[in-house]
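# Remarks on the overall topology
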Amino acid sequence: MKLSLLSLAAVASPAVAFVTPSRPASPLPFGVLHAEPSTDPVDRTMAGAPVAPGAPDPTGGPVPSLIRNAKSEVWVPQRARPRRNRKSAAMRSMVRENIVTPANFIYPLFLHDEDYNVAIASMPGCERHSMASLLKEVGEAMEQGVGNFVLFPKVDDALKSNLAAEAYNPEGIIPRAIRLIKSKYPEAIVTTDVALDPYSDQGHDGIVEDGEILNDPTIHQLCRQAVCQAEAGADIVAPSDMMDGRVGAIRDALDSEGHTNVSILAYTAKYASAYYGPFRDALDSHPGFGDKKTYQQDPANGREALVEAALDAAEGADMLMVKPGMPYLDVIRRLADCDANLPVAAYHVSGEYAMIKAACERGWLDEKAVVLETLTCFKRAGADIILTYYAKQAATWMNEDGLY
């Protein structure tokens, strides 16, 4: 008869009954005591379990913590046991509340007007794409089920100005990229960023005068930019500037030019966050002075997002976005539950991406596991759409594992 170490300890000597199993001699990962799960039978009466002198018996005393069932096994008399719904992979899949698929993703892509790619040091795995590479990346992502792409340009400094007129150049980098993608992949959804910062010599999302970001003159330029992008074939325009009233103005500008089917994904709750650094590296668009706190939201405020959501919905937004994502799950939930009743997007921003990459490169996290968990957290918080630099990779993992 095979006895476990615990059983031997109980039989060997009542005076020295408390014995803990020793760590195996063979090297195992930190925190792992056994390479394989134990197959030794467990005496569920717990009669032979080691006990220190004077230790209480959970099944004894005037108010026992546990009782015994008809087989004398220790028993917690509780009818509801949530673990029953977790007992196997098939059971967990059957009752899963939130499922992320590649169709939920928008894949952000950086591009520049060069015939080669440039790696982005602070975002391992991401690049500024040439036009040819951009088209290849779109094709590969679509093969994995990702169908929506948002484009961000690195603009030559010589083309930048305070009025950011290059933003609505019909032969600019973004209109050409839209036409290129649509010519080969007409079924792809192309989303565009509506903001002046990539085109501004000030590095801000709006026109600058004496250190002030001018709201209404900026919106004038944003309307031109949105219409230019729509005429190139954009399916969705996404104003990220955070100027007051820009959603309504852009909606009217699009409609007046016949682009009533072009959707608006509003950056509704875009926070003045420290998580954007790697993105600004990618576009070379760090603010030329100061910060963006006079137009982006204060990270300390949650209710304010509801004010922005009500305004964007009333002005004609089709979808609402929260940026950044993971640190603002509470805001995602607020927008998902608010009266606007519009789809909610979460932007898994560059700083979040870079942190995961850095930890995984050091062996501190399992990249696949933590990425898929992170994306599921966005869905659980209420996001219908997830913008993530992991879109293609996550979709590949999902396909390999048959997760959708």
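A few points on the structure. (Residues numbered from 1 in each chain as written. Predicted model: local features only at pLDDT ≥ 70, side-chain atom pairs only at ≥ 80, totals over all residues. Heavy atoms only, no water.)

### A few points about the pairing of strand β11 (residues 263-270)
For β11, the tally of buried residues reaches 7 of 8 residues, placing the bulk of the element in the interior. Sheet analysis places strand β10 (residues 236-239) next to β11, joined by 2 bridges and oriented parallel. Within β11, the position partnered with I236 by the bridge is S263. The β-α-β motif built from β10, the intervening helix α6 (residues 246-256) and the parallel element β11 has right-handed crossover chirality. (Buried < 20%, exposed > 50% of the residue type's maximum accessible area, 1.4 Å probe, protein only. Helix = DSSP H or I, 4+ residues; strand = E, 2+ residues; numbered from the N terminus. Pairing = 2+ DSSP bridges. Right-handed = clockwise from strand over helix to strand, strands pointing away.)

### Considerations on helix α4 (residues 173-184)
Between its terminal C-alpha atoms α4 stretches 17 Å, which fits the 16 Å expected from 12 residues at 1.5 Å a residue. Buried residues of α4: I173, I174, P175, A177, I178, I181 and K182, and no others. Buried residues in α4 make contact with β3 (105-112), α3 (131-143), β6 (148-154), β7 (189-194) and α5 (215-232). (Expected span 1.5 Å × (residues − 1). Contact = heavy atoms within 4.5 Å.)

### Focus: the packing of aromatic side chains
Under the defined criterion, the tally for this structure stands at 8 aromatic pairs. Aromatic pair Y271 and Y328: ring centres 4.4 Å apart, planes at 20°, arrangement stacked. Remark: Y328 occurs in the loop between β12 (319-323) and α9 (329-337) and Y271 occurs in the loop between β11 and α7 (277-283); sequence separation between them is 57 residues. The same class applies to Y271 and to Y328, which are both buried. What links up through ring pairs into an aromatic cluster is the set F110, F152, Y347, Y353, Y389, Y390 and W397. Above the ring of Y347, the side-chain terminus of K323 is found at 4.6 Å from the ring centroid. Positioned above the aromatic ring of W364, the side-chain terminus of R362 is 5.9 Å from the ring centre. (Phe/Tyr/Trp six-rings, centres within 6.5 Å; stacked < 30°, edge-to-face > 60°. Lys NZ or Arg CZ within 6 Å of the ring centre and 35° of its normal.)

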